[in-house]
Structures are given as C-alpha cells and as structure tokens.
Amino acid sequence: MHASRRRSLAAAAATALATPLLLAASPHPGHAPHDPAEAAAKLSRELVRDSSAKDAYRHLRRFQAIADSAEGHRAAGSLGHDASAAYVYRQLREAGYAVDYRTFGFVYTETLAEKLSVVSPTPRDIDIKAMTYTKSTGAGGIRAALLAVPVDATTGCEAADYASADFTGKIALIKRGGCSFADKQAAAGSAGAVGAVIYNNTEGVLSGTLGDVSSGKIPTGGLTRAEGEKLVAGLAGSEVTVSFEIRQLQEERTTRNVVAETRRGNAAKTVMLGAHLDSVTDGPGINDNGSGSAGLLEVALRLAESHEQPANKVRFAWWSAEENGLLGSEAYVAKLSGAQREQIALYLNFDMIASPNGAQFVFDGDDSDGTGAGPGPEGSAQLERDINDFLDRRNKPHTGTDFTGRSDYGPFIEVGIPSGGTDTGAEGVKTADQAKTFGGTAGIAYDPCYHAACDDLDNVDMAHFDTNIDVIANAVGTYAHDLRSLTRPGPAAPTAGETGGGGGLREGHTHGVTE
C-alpha cells in the first residue's frame, strides 16, 4: 500500500478513535427514527433500561472515599469538593462531552462551635444550628438572659416587636416566619440583643442562612419548634439564663461548577439538568447531594455510550456552594446573556433523591396543590405533568412539593426558565399518610442524617435512588429529541398538596433558606 495512503488510513482511524461516544457521532442509517416523538421514545427507553442505581452507586462510593480522605466532607471551597469536581469532570471528558469548570468566588464558612445550654433555673443542653454567615461570639460564648419576642404574623421583623421589653444584653428568642432570618437578627441587634435564637414554625431542624456576610449582625442559631416552644413555656414561669456560643470561620475562597454539554444538538433548544455537588462541612453528603450528582452523572455517561446524536443540545451541571445559598447556580445564571437564557428550553433539578425514609416528591410547576409559592414559569406545569405521567406508567406513587426557589432551580425560575425536578425529602417529618403511600416510618425525618456526619453510604435508599435515576433518564431521552410537550396544554391534576422535598425548608430542605 502506498505510504501516503497508509498515513491517510491511520489518520482516519485515529480520528475515529478520538470521536466522542455520542456526541459527534451521526445516527446509523436506518436505525435512528426521524420523527421526534419516535426518536424520543426510543432514546428514553434505552436510557431508562441502561441507567441504574446499582451502577450509579460506584459514584457514591467515590464521593465517600473522597470525603474520608478530606476531613470528612466535600464542602465548597474544600479539598473534598475540588476532588469531587475533578472526578466528575474527568468522567465526562473521557465520555466525550464538551466540559469545563466555571470558577467563582465566595465566602467559605465552617462552624467551629454551636452550643446552647440552659444555665438556670433547670440546667440542660439544647441542640442548635449556627446560621450561615452569622456573627460569632467569643471563645467560650456568652451568658445572658433569654427573652422571647411576642408572637404574631411577622414575629421579630420590626422594631415595634421589641418595644414591650428591654432586650439590651439579652438573647432574643424568635419564632420563624414573616421575614428573613437576616431581618429578624438585625432587628434584634438593633434592639440591643447580643444574640438571636430562631425556632422553627414547622417540624424539623432549622438550618438556614443569613444570605451573605454583610447581613450578619449578631450571633444567630436555629432550633426545632419543640425546643423553641419549650423555652417559651419556661419563660412564662421565671427568668431563663442561657450559655450561648456560636463561632464560625468565614474566609474568601474560590470554587467551581462543572458544566458539560453534548457537542451536537440545536443550541437554540438547550435541555439543562443540574444537581449540587457540594456537601455541608458536617458530613460527606452522600444523599445530600451525592445522590443527585451520581444519578445525573450516570445518565450522562449512558447517553454518551448510546452513540445517539440528540436533536437538541443537552447540558448537565454540577453546582458548587449550594449549601452556602445557591451560589453556584446563581453565579451561572447571572453570567448568561439574554440570548443565552432564551436558548435554555428547560431546567430540571435533582437534590436528595435517595432519602432513607423518603417519599417521592415532584415540584409543583402549576401550583395545583395551592400550597406556598405560586407556579413556575410557563412550561413548568408541563414538566411536572411529564414526570408524573412517567411515574404513573411505572406505578410509582408521587406527590407535589412547593416551588419555593430554595434549591438550584431558584435562579432559573427567577429569569423565566421553565423548571422542575424531583427529590425524596430531607429533615421534614414523614406523615402517617405518607408512610402508608411510600412505606417507611411516620413521625421521623425523611432523612434522619440530614446535614450530619451519618449522611454516608448507609444513608441511601436504593429503591428511591433507582426511581429517580429513571426519571432523569426518561427526561434526558425525551427532551433530547422532542420538546413539544412543553407547549401542550393540560397541566397536572391537583395532588394532596403535601410538601417535603429537598431544596428549601418546606418540610424538606433548608438549602439557601433565608426565612
């Protein structure tokens, strides 16, 4: 064979080997249907068949190993998160995606102390969670009298709420609701309080954020409703003195999102899915949100292996600093031009999809439940309907969860991008009716290890994990070829209106919660 001919063939072979598995490949003649609905059905069936919790569990094992080698967590700005992002990046690059890091700055926080104890009249210790971006007490904390703010619809939100007593030098005990945590602690500080303890107005741990460093005015922590009400009752009989210590490391750091997309497909019709990759500093974050990250990664890899050329561009994102207040997704959306926002046809979010005592929640895109926040942008109702229809076809029960904007779909909703997704619940308490429908135990949290060291490999329900990976796979396969359902009328039928999923404190998740 002529030398130049051999070189041409060798070059062609090298090019073929370098071609991404899916992403620049052309459909095989006669195998890829031209009708969008037929192509969507074919790809979604294939991805659902090939994407499994068993296979995705390998990513969870890697996240656990990373946390074990990095001070027990994978928080944004830490070595654990950097290693997690590098792992996801490497997997996607090897699969053939166009993948890059999106770096941004933020204030890293790590709680150094969070203690509350009743000193008198009856000594006892109380579990408290430091608010992100709180001011700190000195080492050893402070000892002061506790004083409850009178309860109304906007407890502790205005200066007048503190006029009935002298809060100077005291710890203000404030019920959640009516305004942001930042507003409550700022008003208490203005009234002379040296600390604020905010107790929940629903079941579950209160673990929230003041929004940013500049908002922190006085040391602030969160309590459960039961503990708060017990303290209020104690104050009715006598003065209560407490020892209060909240200390938090805060420093400027950088972190990065991982964003990957198919090399082919119509960019004007970009299908986007995301999950946050960071954990809190208290634990490895295997359910929260290793589960969503692993599920998304597994489906992305299976899409690459399908050799499919999607009609629409498919983009995946693994967000950082979600636990600090949705900072990664906010940074991403803020940098989009108007034209780039218009190109994103939809955004689906998957945050905590394997809760050990979970329920199957679908974001209420049309507000048919009539609970809390209103509907999402136009098209969100159809995303909810499509997920519900898929679960119905597989005889999987589900219920709605409120669109509060307190997980990474929030920034997308704010700029009018249709949004949706699923989760299985966080610190919210499972009801008796939910236990009948979904199994598990009533009266305890969907995830008893939420934001705790025990959120490890043993904190995963494989059945929930598998169901939600199937939801991701079906959505990717469907919308990669066919977006027509987003304009099809007929929103989802009203559900029981129960709340409880991840991404906000609505019986569920306190990510990004400021009120």
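Conventions we followed
Residues numbered from 1 in each chain as written. Predicted model: local features only at pLDDT ≥ 70, side-chain atom pairs only at ≥ 80, totals over all residues. Heavy atoms only, no water. Helix = DSSP H or I, 4+ residues; strand = E, 2+ residues; numbered from the N terminus. Buried < 20%, exposed > 50% of the residue type's maximum accessible area, 1.4 Å probe, protein only. Contact = heavy atoms within 4.5 Å. Areas by Shrake-Rupley, 256 points an atom, 1.4 Å probe, with all protein chains shown as cover. Core = buried A, V, L, I, M, F, W, Y, C linked by side-chain atoms within 4.5 Å. Phe/Tyr/Trp six-rings, centres within 6.5 Å; stacked < 30°, edge-to-face > 60°. Lys NZ or Arg CZ within 6 Å of the ring centre and 35° of its normal. Pairing = 2+ DSSP bridges. Polar contact = N/O pair within 3.5 Å; in protein donor to acceptor, adjacent residues only side chain to side chain. Salt bridge = Lys/Arg side-chain N within 4 Å of Asp/Glu carboxyl O. Arc of directions from axis to C-beta. Disulfide = S-S within 2.5 Å.

1. Things to note about the overall build of the protein chain
Link 1 in the chain: A count of helices and strands for the protein chain gives 13 helices and 14 strands.
Link 2 in the chain: The buried share of the protein chain, taken over its 515 residues, is 57%.
Link 3 in the chain: Taking all contacts inside the protein chain whose residues are at least 6 apart in sequence as the whole, residues at least 24 apart take part in 82%.
Link 4 in the chain: With an accessible surface of roughly 19500 Å², the protein chain has 50% of that area assigned to carbon and sulfur atoms.

2. Quick look at unusual backbone geometry
Link 1 in the chain: Residue Pro121 is bonded to the preceding Ser120 through a cis peptide linkage, with omega at 10 degrees.
Link 2 in the chain: Residue position: Pro121 is located in the loop between strand E1 (98–120) and strand E2 (124–126).
Link 3 in the chain: Cis geometry is found at the peptide bond from Asp288 to Asn289, where omega equals -5 degrees.
Link 4 in the chain: One non-glycine residue with positive phi stands out, namely Glu71, at about 60 degrees.
Link 5 in the chain: Looking at where Glu71 falls in the secondary structure, it is placed in the loop between helix H3 (53–68) and helix H4 (79–95).
Link 6 in the chain: The exposure class of Glu71 is exposed, given its relative accessible area of 70%.
Link 7 in the chain: The phi angle at Ala321 is positive, at roughly 55 degrees, despite the residue not being glycine.
Link 8 in the chain: When you line up the elements, Ala321 lands in the loop between strand E10 (312–319) and helix H8 (327–334).
Link 9 in the chain: The class for Ala321 is buried, based on a relative accessible area of 0%.

3. A short note on the nonpolar core
Across soluble globular proteins, you tend to see nonpolar side chains buried next to one another.
Link 1 in the chain: Residues Leu92, Leu273, Phe316, Trp318 and Phe465 are the most contacted members of the largest nonpolar core, which totals 56 residues.
Link 2 in the chain: Counting residues per element, this core draws most heavily on helix H7 (residues 286–305), at nine residues.
Link 3 in the chain: When sequence neighbours within four positions are dropped, the list of residues in contact with Phe465 reads Ala53, Ala56, Tyr57, Leu60, Ser291, Ala294, Gly295, Ile353, Ala354 and Val460.

4. Section: the packing of aromatic side chains
Link 1 in the chain: This structure, assessed with the given rule, holds 15 aromatic pairs.
Link 2 in the chain: Geometrically, the ring pair formed by Tyr347 and Phe412 is stacked, given 4.0 Å between the ring centres and 5 degrees between the ring planes. Of this pair, Tyr347 sits in strand E11 (residues 344–350) while Phe412 sits in helix H11 (residues 410–414), and the two are 65 residues apart along the sequence. The residues Tyr347 and Phe412 share a single accessibility class, namely buried.
Link 3 in the chain: For the cation-ring pair, Arg253 lies above Tyr108, with the distance from its terminal atom to the ring centre recorded as 3.6 Å.
Link 4 in the chain: Seen from the ring of Tyr101, Arg256 lies directly overhead, with NZ or CZ sitting 3.7 Å from the centre.

5. Description of the pairing of strand E8 (residues 240–261)
Link 1 in the chain: The sheet contact formed by E1 and E8 spans 21 bridges and is antiparallel. In the strand pairing of E8, Ser120 is matched with Thr241.
Link 2 in the chain: In terms of strand pairing, strand E4 (residues 142–148) meets E8 through five bridges, oriented antiparallel. Across the sheet, the residue bridging to Leu146 is Val240, located in E8.
Link 3 in the chain: Inspection of the sheet shows E8 paired to E10 by four bridges, in the antiparallel sense.

6. Considerations on the side chain of Ser117
Link 1 in the chain: By the element assignment, Ser117 lies in strand E1.
Link 2 in the chain: For Ser117, the side chain forms a polar contact with the side chain of Asp125, separated by 2.7 Å.
Link 3 in the chain: In contact with Ser117, not counting residues within four places along its chain, are Arg124, Asp125, Thr241, Val242 and Ser243.

7. Here we look at the pattern of salt bridges
Link 1 in the chain: Taken as a whole, this structure holds 18 salt bridges when the rule is applied.
Link 2 in the chain: Its salt-bridge partner being Glu46, residue Lys42 comes within 4.0 Å of it at the nearest N-O pair. Of this pair, Lys42 and Glu46 both sit in helix H2 (residues 36–50), four residues apart, roughly one helical turn.
Link 3 in the chain: A salt bridge links Arg385 to Asp386; the shortest N-O distance between them is 3.4 Å. Like Arg385, the residue Asp386 is buried in the burial classification.

8. Some thoughts on helix H6 (residues 225–235)
Side chains that are three or four residues apart share a direction in an α-helix, a result of its 3.6 residues per turn.
Link 1 in the chain: The complete set of buried residues in H6 reads Gly228, Leu231 and Leu235. The arc enclosing the buried residues of H6, seen along the axis, measures out at 65 degrees, which places them on a common side. In H6, the exposed positions angled more than 90 degrees off the buried face are occupied by Ala226 and Ala233.

9. A closer look at the state of the cysteines
Link 1 in the chain: On inspection of all chains with the given rule, the structure shows two disulfides.
Link 2 in the chain: Bridging Cys157 to Cys179, the disulfide has an S-S length of 2.1 Å. One disulfide, between Cys157 and Cys179, carries an S-S torsion of -95 degrees and so falls in the left-handed class. On the criterion of sequence distance, the pair formed by Cys157 in the loop between E4 and strand E5 (171–175) and Cys179 in the loop between E5 and helix H5 (181–190) is long-range, its members being 22 residues apart.
Link 3 in the chain: Across the disulfide, Cys449 is cross-linked to Cys454 (sulfur-sulfur distance 2.1 Å). Between Cys449 and Cys454, the disulfide has an S-S torsion of -115 degrees and is therefore left-handed.

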